[in-house]
Amino acid sequence: MCGIMGVSGVPDAARVAYLGLYALQHRGQESAGIVAITPDGESRVKVGMGLVSETFGEAELEQLPGDVAVGHTRYSTTGSTVLANAQPCLVNYRIGSLCVAHNGNLTNAAEIKKTLVERGSIFTSSSDTEVLVHLIARSEVPDPELQIRSALARVEGAYSLVIGVGRTLYAVVDPRGFRPLVLGRLGTGVVAASETCALDLVGATFIRELKPGEFIRITDGVIEDLQPLRPKPVSRCVFELIYFARPDSDIFGMSVDRVRREAGRRLALEHPAPGADVVFSVPDSSNAMALGFSEASGIKLEHGLIRNHYVGRTFIHPTQSHRVAKVKIKFNPVRGIIEGKRVVVVDDSLVRGTTSRGLVQMIRAAGAREVHLRLASPPITGPCHYGIDTPTREELIAATHSLEEIREYLGVDTLGYLSLEGMVGAAGGGPFCHACFSGEYPTAVPDAVVQIQTSSPLTASRA
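In this report, we go over the structure that sits alongside the text. (Residues numbered from 1 in each chain as written. Predicted model: local features only at pLDDT ≥ 70, side-chain atom pairs only at ≥ 80, totals over all residues. Heavy atoms only, no water.)

1. Thoughts on the overall build of the chain
Secondary structure assignment for the chain yields 17 helices and 24 strands. For 463 residues, the compact-globule estimate of 2.2 N^0.38 gives 23 Å, and the C-alpha radius of gyration of the chain, at 22 Å, lies within 12% of that figure. With the principal axes as the frame, the chain shows a C-alpha extent of 70 × 45 × 35 Å. The buried share of the chain, taken over its 463 residues, is 59%. With the model as given, the accessible surface of the chain reaches about 17,600 Å², and the carbon-plus-sulfur share is 52%. Each charge class in the chain was averaged separately, 46 positive and 49 negative side chains, and the resulting centres sit 2 Å apart. (Helix = DSSP H or I, 4+ residues; strand = E, 2+ residues; numbered from the N terminus. Rg over C-alpha atoms; globule rule 2.2 N^0.38 Å. Buried < 20%, exposed > 50% of the residue type's maximum accessible area, 1.4 Å probe, protein only. Areas by Shrake-Rupley, 256 points an atom, 1.4 Å probe, with all protein chains shown as cover. Lys, Arg positive; Asp, Glu negative; His and termini not counted. Charge placed at Lys NZ, Arg CZ, Asp CG, Glu CD.)

Here it is, written out as C-alpha cells:
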C-alpha cells in the first residue's frame, strides 16, 4: 500500500506534491520521493528513507523546480526496505524521461522479471514497479500511450499509477479497481491523488474518481480521456474502507467515515455486550466504528485509550520487533475511565494479534473488570496479493487458531467479529475484493507468495 500524487500545470508543483504526500503519510512510512519536471522538460528527483518530513525540507524543495511533479510515499509489499526501492522510479529512455509512481502489487511480477533478466535487463531494485518501467521502455511501439498500454496488458494484480513521460502525465487504474485514485482541479492545473484528503490539503476541488480501467492523459493541466483498459470484473479492496484510507476521505464513491460508522452499528447488533459500562476505540482508524457501536447499543462512548500521534501505524511497520515495541509507546489507557468498569474495546481488524494482546494487558492493568473485544471486520484468514502486508497464513492468527483460542490468547472475556455480510453491507454491497477474509481471490494466485528478489549484482544509476 502506498500513496501517490501527480501534479500538472501548477507552479511550484513539487511543493503541492509534498503537501499532498503529507496527507497520504498514513499509506506508507518507509520512504518518500518526488520527481519535478521543468517547462523545458528537465526532470529532477529526490527520494529518501522515512517520513515525508524527514526527506523534504526547504533546501530539498528549492532543488525541485517545475510545474509538473510526481510524488510517492511507500509501504512495501514487494521488495525490501532500502533506498533503491524508493519511488517514483525515474529513468531516461529513448523518448526522454520516464517516471512511475505505483500503488498496488503485481502478482505476476516475479515471472516477468525472470524473463526480462534472461533477455539482458538489469534491475536496480527488488520492487515490482521496476518491472513496469522495463516493460514500458522495452516496448517496440513508438507512442507513449501504446507503450504503457502494452506493458499493462502483460501484468496482473493491483495498480493505480501516475506515470510521467516528459512533461505529460498519465493516470490509470487497473480494470478491477483495487486501489483508489482521484482527480482534482487546482487553479488551471490538475492534481491526481490516492485519496481526497490530499486534494483537501492542497486546496484542490474534487473532479472525479477514476473508474476501474480508466486511463487518462494530463498535459499542462488539461485532462484527456483515453480508451479504457480491457474490462474485468470489478473488485474494489474493502480493506481500504475498513482500515487504510483516512476517515475524512471519500473513495469508491463513499465516505470512509460513514462506512466505518455503519460497520460499528452492525457490529453492535451482531455482537452486543449487555451490561458493559463504556465503549471506546483503538484510535484512530476505529474511532467511527466505536461511535457507531455506541449509537446502536446505547453504551456510553468514552476515550479510554489515548494515542501518541508521533508514533506511526503499527500494522504497516515492516518488522515484527518494531511493531511490538511501538505498541508500548503508542497507546496509554485512561485509568479514570477504565478502572472498575466493564469495557467494550472496538478495533477495525485483527491481523497478527500482537498489538491487541498488548493493549488488553494495558487495559487490564488500568483496572478494567471485564474486557470485551469487538472487531469491525471478519477474521483475516488468507494473505493479500494486491498490496497489503499479509504475505503468509502463518502470520495470521485467525488462519491457525479457533475463535476460543484467539480469545484466550488475547486475554479478553468475550470476542466478536463482524460477519462478512455485515462488513460488505456496511460498505454498500460492493463489488469488493475480500479475499483476505473469504479466500475468494479475484485473480489467479501464484503457487508461491509473490516476492521479487534482487536478480543481479549489476546496477545502473538512476536518471
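2. Digging into the nonpolar core
One finds Phe239, Leu241, Phe293, Val344, Val346, Ile388 and Phe432 to be the most contacted residues of the largest nonpolar core, which totals 47 residues. Those elements that place two or more of their residues in this core are α8 (238-244), α9 (256-270), α10 (287-297), β21 (342-347), α16 (420-426), β24 (432-433) and α17 (435-438). Here this core takes six residues from α8, the largest share from any one element. Look past the residues within four positions of Phe432 in its chain and what remains in contact with it is Ser235, Arg236, Cys237, Val238, Leu241, Phe252, Met254, Val424 and Ala427. (Core = buried A, V, L, I, M, F, W, Y, C linked by side-chain atoms within 4.5 Å. Contact = heavy atoms within 4.5 Å.)

3. A word on helix α1 (residues 13-23)
Burial runs high along α1: eight of the eleven residues are buried. Those residues of α1 that fall on the buried side of the exposure criterion are Ala13, Ala14, Val16, Ala17, Tyr18, Gly20, Leu21 and Ala23.

4. Looking at the sheet that holds strand β22 (residues 370-375)
Strand order in the open sheet made by the five strands is β18-β17-β21-β22-β23, with parallel pairing throughout. Either end of the sheet is taken by a strand with one partner, and the two such strands are β18 (300-301) and β23 (414-417). Judged from the two bridges that link them, strand β17 (residues 278-281) and β18 form a sheet pairing that is parallel. In the strand pairing of β18, Val279 is matched with Leu301. The strands touched by α9 within the sheet are β21, β22 and β23, with β23 carrying the most contacts at an inclination of about 130°. Its contacts with the sheet place α10 against β17, β18, β21 and β22, and it is angled at close to 160° to β17. (Pairing = 2+ DSSP bridges. Axes fitted to C-alpha atoms, helices over the stretch in contact; angles between N-to-C directions.)

5. Examining the packing of aromatic side chains
Counted according to the given criterion, the structure contains nine aromatic pairs. Taking 6.0 Å as the distance between ring centres and 45° as the angle between the ring planes, the aromatic pair formed by Tyr170 and Phe215 counts as tilted. With Tyr170 in strand β8 (residues 168-173) and Phe215 in strand β12 (residues 215-219), the pair connects residues that are 45 residues apart, well separated along the chain. Judged by its relative accessible area of 5%, Tyr170 falls in the buried class. Looking at Phe215, the relative accessible area reads 1%, which means it is buried. Where Tyr243 meets Phe244, the ring centres are 5.0 Å apart and the plane angle is 90°; that geometry is what we call edge-to-face. Residue Phe244 is classed as buried on the basis of its relative accessible area of 0%. (Phe/Tyr/Trp six-rings, centres within 6.5 Å; stacked < 30°, edge-to-face > 60°.)

6. Concerning the pairing of strand β4 (residues 68-74)
Extensive coverage of β4 is indicated by the burial of seven of its seven residues. Residues of β4 alternate between two faces, with Val68, Val70, His72 and Arg74 on one and Ala69, Gly71 and Thr73 on the opposite face, all of them buried. In the sheet, strand β1 (residues 3-8) pairs with β4 via six bridges, with the strands oriented antiparallel. Among the inter-strand pairings, Gly6 is bridged to a residue of β4, identified as Val70.

7. Considering unusual backbone geometry
In this model, Gln87 is joined to Pro88 through a cis peptide bond whose omega is 5°. In this structure, Pro88 sits in the loop between β4 and β5 (89-93). Across the junction of Gly430 and Pro431, the peptide omega takes the value 15°, indicating a cis bond. Structurally, the position occupied by Pro431 is in the loop between α16 and β24. Look at Asp12: it is not a glycine, yet its phi comes out positive at around 55°. Its identity as a non-glycine residue notwithstanding, Phe252 has a phi of 55°, on the positive side. Looking at the element boundaries, Phe252 is found in the loop between β15 (250-251) and β16 (254-255). By relative accessible area, Phe252 is classed as buried at 12%.

8. Comments concerning the pattern of salt bridges
Scanning the model with the defined rule gives 30 salt bridges in all. A salt bridge links Arg44 to Glu42; its shortest N-O distance comes to 3.2 Å. By relative accessible area, which is 31% here, Arg44 ends up partly exposed. Ionic pairing is found between Asp284 and Arg307, a salt bridge with its closest N-O pair at 2.6 Å. Highlighted residues: Asp284 in the loop between β17 and α10 and Arg307 in strand β19 (residues 305-307), separated in sequence by 23 residues. (Salt bridge = Lys/Arg side-chain N within 4 Å of Asp/Glu carboxyl O.)

9. Details of the packing of α9 against α10
Where α9 contacts α10, the two axes come as close as 6 Å, and the packing angle between them is 45°. As far as their axial angle goes, α10 and α9 are oblique. In the packing of α9 onto α10, the handedness of the crossing is right-handed. Here α9 contributes Asp257, Arg260, Arg261, Gly264, Arg265, Leu267 and Ala268 to the contact with α10, which in turn contributes Ala288, Met289, Leu291, Gly292, Phe293, Glu295, Ala296 and Ser297. Here the residues of the contact of α9 with α10 sort into seven nonpolar, three polar and five charged. (Parallel < 35°, antiparallel > 145°, perpendicular 65-115°, else oblique. Left-handed = near helix turned anticlockwise from the far one by under 90°. Nonpolar A, V, L, I, M, F, W, Y, C, P; charged D, E, K, R; others polar.)

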